[in-house]
Amino acid sequence: QVQLVESGGGLVQAGDSLRLSCAASGRAPSGRTFSSYAMGWFRQAPGQERKFVAVITRSGDRTYYEDSVKGRFAISRDNAKNTAYLQMNSLKPEDTAVYYCAATRVLGNYDLIRNYDYWGQGTQVTVSS
């Protein structure tokens, strides 16, 4: 069905910036397009559970962030390109994780993993001190 592919991860030093991309492809159920889905970013550190990072609504009019990244990260989307982004500034070692993008048609409760229909394979972000 729908495939999400993350890119842009890498190894950086504390204080550096990265921009992650999430490209959507394939065929969604009939009548649904990229703009039918809110797009979220989650991350999973070694030995930890997957946690919510940020989400952007279908039209891009609202964004929500986990407290620890607020003011440092910015989520955006380009519906014409079927792509979502996560701009990460002032990176800290505790940001080190595999970052996943995901798509949901649910309105609200964007931090809940069970509400997301599609997931990417993840991209590694490593921040050294």
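In this text, all values refer to a predicted model and were calculated from it rather than measured experimentally. (Residues numbered from 1 in each chain as written. Predicted model: local features only at pLDDT ≥ 70, side-chain atom pairs only at ≥ 80, totals over all residues. Heavy atoms only, no water.)

A. Region of the structure containing the pairing of strand S11 (residues 123–128). Alternating residues of S11 divide into Thr123, Val125 and Val127, all buried, and Gln124, Thr126 and Ser128, none buried. With four bridges joining them, strand S2 (residues 10–13) and S11 adopt parallel strand pairing. Residue pairing in the sheet places leucine 11 in a bridge with threonine 126 of S11. (Buried < 20%, exposed > 50% of the residue type's maximum accessible area, 1.4 Å probe, protein only. Helix = DSSP H or I, 4+ residues; strand = E, 2+ residues; numbered from the N terminus. Pairing = 2+ DSSP bridges.)

B. Looking closely at the layout of surface pockets. Quantified by volume, the largest pocket comes out at close to 170 Å³. Elements with a contribution of two residues or more to the lining of the largest pocket: strand S1 (2–7) and strand S3 (18–26). Classifying every residue of the lining of the largest pocket gives nine nonpolar, four polar and one charged. In this model, the second largest pocket occupies a volume close to 150 Å³. Lining the second largest pocket, in full, are Arg43, Gln44, Ala45, Gln48, Glu49, Lys51, Phe52, Glu66, Glu94, Thr96 and Ala97. Where the lining of the second largest pocket is concerned, the elements lending two or more residues are strand S4 (38–44) and strand S5 (51–56). (1 Å grid on protein atoms, 1.4 Å probe; cavity = no way out; pocket = protein on both sides within 12 Å on 5 of 7 lines; lining within 4 Å. Points joined across faces, edges and corners; volume = space filled by probe spheres on them. Nonpolar A, V, L, I, M, F, W, Y, C, P; charged D, E, K, R; others polar.)

C. A look at the pattern of salt bridges. Evaluation of the coordinates by the stated rule reveals four salt bridges. Among the ionic pairs, arginine 43 bridges to aspartate 95, the shortest N-O distance being 2.9 Å. Of this pair, arginine 43 sits in strand S4 while aspartate 95 sits in the loop between strand S8 (83–88) and strand S9 (97–104), and the two are 52 residues apart along the sequence. Look at arginine 43 and you get buried, because its relative accessible area is 14%. Of the charged contacts, one joins lysine 70 and aspartate 67 as a salt bridge, the two residues approaching to 3.5 Å between their closest N and O atoms. Each member of the pair, lysine 70 as well as aspartate 67, carries the same accessibility label: exposed. (Salt bridge = Lys/Arg side-chain N within 4 Å of Asp/Glu carboxyl O.)

D. How the structure looks around the sheet that holds S3. Overall, antiparallel pairing links the four strands, which are arranged S1-S3-S8-S7 in an open sheet. The open sheet has two free edges, formed respectively by S1 and strand S7 (73–78), since each of these has just one partner strand. Taken over all neighbouring pairs, the strand axes of this sheet differ in orientation by 15 degrees on average, direction set aside. Pairing geometry for S7 and S8, over six bridges, is antiparallel. Note that in S8 the partner of alanine 74 across the bridge is glutamine 87. (Axes fitted to C-alpha atoms, helices over the stretch in contact; angles between N-to-C directions.)

E. Molecular detail of the nonpolar core. Ranked by internal contacts, the top residues of the largest apolar core, which has 27 residues, are Met39, Trp41, Val53, Phe73, Leu86, Met88 and Tyr99. Counting only elements with at least two residues in this core, the list comes to S3, S4, S5, S7, S8, S9 and S11. In terms of residues, this core owes the most to one element, S9, which gives four residues. Leaving out residues up to four positions away in the same chain, valine 53 has contacts with Trp41, Phe42, Arg43, Tyr64, Tyr65, Glu66, Val69, Phe73, Leu86 and Tyr99. (Core = buried A, V, L, I, M, F, W, Y, C linked by side-chain atoms within 4.5 Å. Contact = heavy atoms within 4.5 Å.)

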